[in-house]
Amino acid sequence: VPSGGDYGFNIVSPLDALAVNLYGRADGLHIIVGGDTRMYEYWGYGQFAGQSAGRKRGCFPHVTTWAPEGEKPFVYAATDIGAVLAWRNSEDRTDQWVILDDAWSAVIGGRISALSVASGEQPAVLVGTKDGQVRVLDAVDGHDIGRTEATGSAVVRILTRASEALIVHADGTVETLRI
């Protein structure tokens, strides 16, 4: 519904979404939406509520986030062609734009089917693939920490708590992974 000439979120094919304060504060949220042609950032509060805060080109079917204690968060997105990209806001601005700077990227080498973050002692991005493997990447710099064996059944969901993850496969198998 238009509001004062602003048509709000205009996304052809939203694939995943999350809410996070890109400034690392507790005073409101931004909305990140992974889409089939872009990743979109929107304001969810304040004077710019509902307006675009920025975007990145690419197909991003999976998005997630993690913030080191007392710092600005990272935003992670998996592409449709097997890469994980990480961004982080480096400056607080007074206009509507939130600039997400490149933090790191990693080529996974397989089709990505799930993405999550384990926030334990060694924070890690967990990347599930269609062949049933989970790649574990350092959440801060993206270096490869490890990987599981491919099971042949796609990873459909990764549920995390601190340094543990439940890996759910398409065939109903559930694995426990300790990071």
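Residues numbered from 1 in each chain as written. Predicted model: local features only at pLDDT ≥ 70, side-chain atom pairs only at ≥ 80, totals over all residues. Heavy atoms only, no water.

Quick look at the overall build of the protein chain now. Scanning the protein chain for helices and strands turns up 0 helices and 15 strands. In terms of its C-alpha atoms, the protein chain occupies a principal-axis envelope of roughly 50 × 35 × 25 Å. Counting all 179 residues of the protein chain, 47% fall into the buried class. A sequence separation of at least 24 residues applies to 37% of the contacts in the protein chain between residues at least 6 apart. When the accessible surface of the protein chain is split by element, carbon and sulfur atoms take 49% of a total near 9000 Å². (Helix = DSSP H or I, 4+ residues; strand = E, 2+ residues; numbered from the N terminus. Buried < 20%, exposed > 50% of the residue type's maximum accessible area, 1.4 Å probe, protein only. Contact = heavy atoms within 4.5 Å. Areas by Shrake-Rupley, 256 points an atom, 1.4 Å probe, with all protein chains shown as cover.)

Glancing now at the packing of aromatic side chains. According to the stated counting rule, one finds 8 aromatic pairs in the structure shown. Taking 5.8 Å as the distance between ring centres and 45° as the angle between the ring planes, the aromatic pair formed by Tyr 76 and Trp 104 counts as tilted. Taken together, the positions of Tyr 76 in strand E6 (residues 74–78) and Trp 104 in strand E8 (residues 100–107) put the pair 28 residues apart, joining distant regions of the chain. Classification of Trp 104 by relative accessible area gives buried; the value is 8%. Among the aromatic residues, those joined into a ring-pair cluster are Tyr 23, Trp 43, Tyr 45 and Phe 48. (Phe/Tyr/Trp six-rings, centres within 6.5 Å; stacked < 30°, edge-to-face > 60°.)

Turning to the layout of surface pockets, a few remarks are in order. Considering only enclosed or pocket space, the largest pocket measures out at about 200 Å³ in volume. In terms of residues, the lining of the largest pocket owes the most to one element, strand E13 (residues 155–161), which gives 5 residues. Here the residues of the lining of the largest pocket sort into 5 nonpolar, 5 polar and 2 charged. (1 Å grid on protein atoms, 1.4 Å probe; cavity = no way out; pocket = protein on both sides within 12 Å on 5 of 7 lines; lining within 4 Å. Points joined across faces, edges and corners; volume = space filled by probe spheres on them. Nonpolar A, V, L, I, M, F, W, Y, C, P; charged D, E, K, R; others polar.)

It is worth spelling out the sheet that holds strand E15 (residues 174–178) at this point. Ordered by their spatial adjacency, 3 strands build an open sheet running E13-E14-E15, and the pairing between neighbours is antiparallel. The sheet terminates laterally at E13 and E15, the two strands that pair on one side only. Across the sheet, the mean angle separating the axes of adjacent strands is 20° when strand polarity is ignored. Two strands pair when backbone bridges link them, and strand E14 (residues 164–169) and E15 are joined in this way by 5 bridges, in the antiparallel orientation. In the strand pairing of E15, Val 168 is matched with Val 174. (Pairing = 2+ DSSP bridges. Axes fitted to C-alpha atoms, helices over the stretch in contact; angles between N-to-C directions.)

Here we come to the side chain of Thr 148. Along the chain, the position of Thr 148 falls in the loop between strand E12 (144–147) and E13. Within the structure, the side chain of Thr 148 is placed 2.8 Å from the backbone nitrogen of Val 134, a separation counted as a polar contact. When residues no more than four places from it in sequence are discounted, the contact partners of Thr 148 are Gly 132, Gln 133, Val 134 and Leu 177. (Polar contact = N/O pair within 3.5 Å; in protein donor to acceptor, adjacent residues only side chain to side chain.)

What follows covers the sheet that holds strand E4 (residues 52–57). Pairing in this open sheet of 4 strands is antiparallel, and the strands run E1-E2-E3-E4 from one edge to the other. In this open sheet, the two strands that pair with only one neighbour each are strand E1 (14–20) and E4. Across this sheet, the average inter-strand angle for adjacent strands is 15°, counted without regard to direction.

Most of strand E7 (residues 83–89) sits out of view: 5 of its 7 residues are buried. Looking at chain direction, E6 and E7 are connected through 5 bridges and run antiparallel. Bridging across to E7, Ala 78 finds its partner in Val 84. Joining the antiparallel neighbours E6 and E7 is a turn of 4 residues, in which Gly 82 adopts a positive phi near 95°.

With that settled, the discussion passes to the environment of His 62. Mapped onto the fold, His 62 is located in strand E5 (residues 62–66). Residue classification places His 62 among the buried positions, given a relative accessible area of 17%. Ignoring sequence-local partners within four residues, the contact set of His 62 consists of Asp 16, Tyr 76, Ala 77, Ala 78, Ile 112, Ser 113, Ala 114 and Leu 115.

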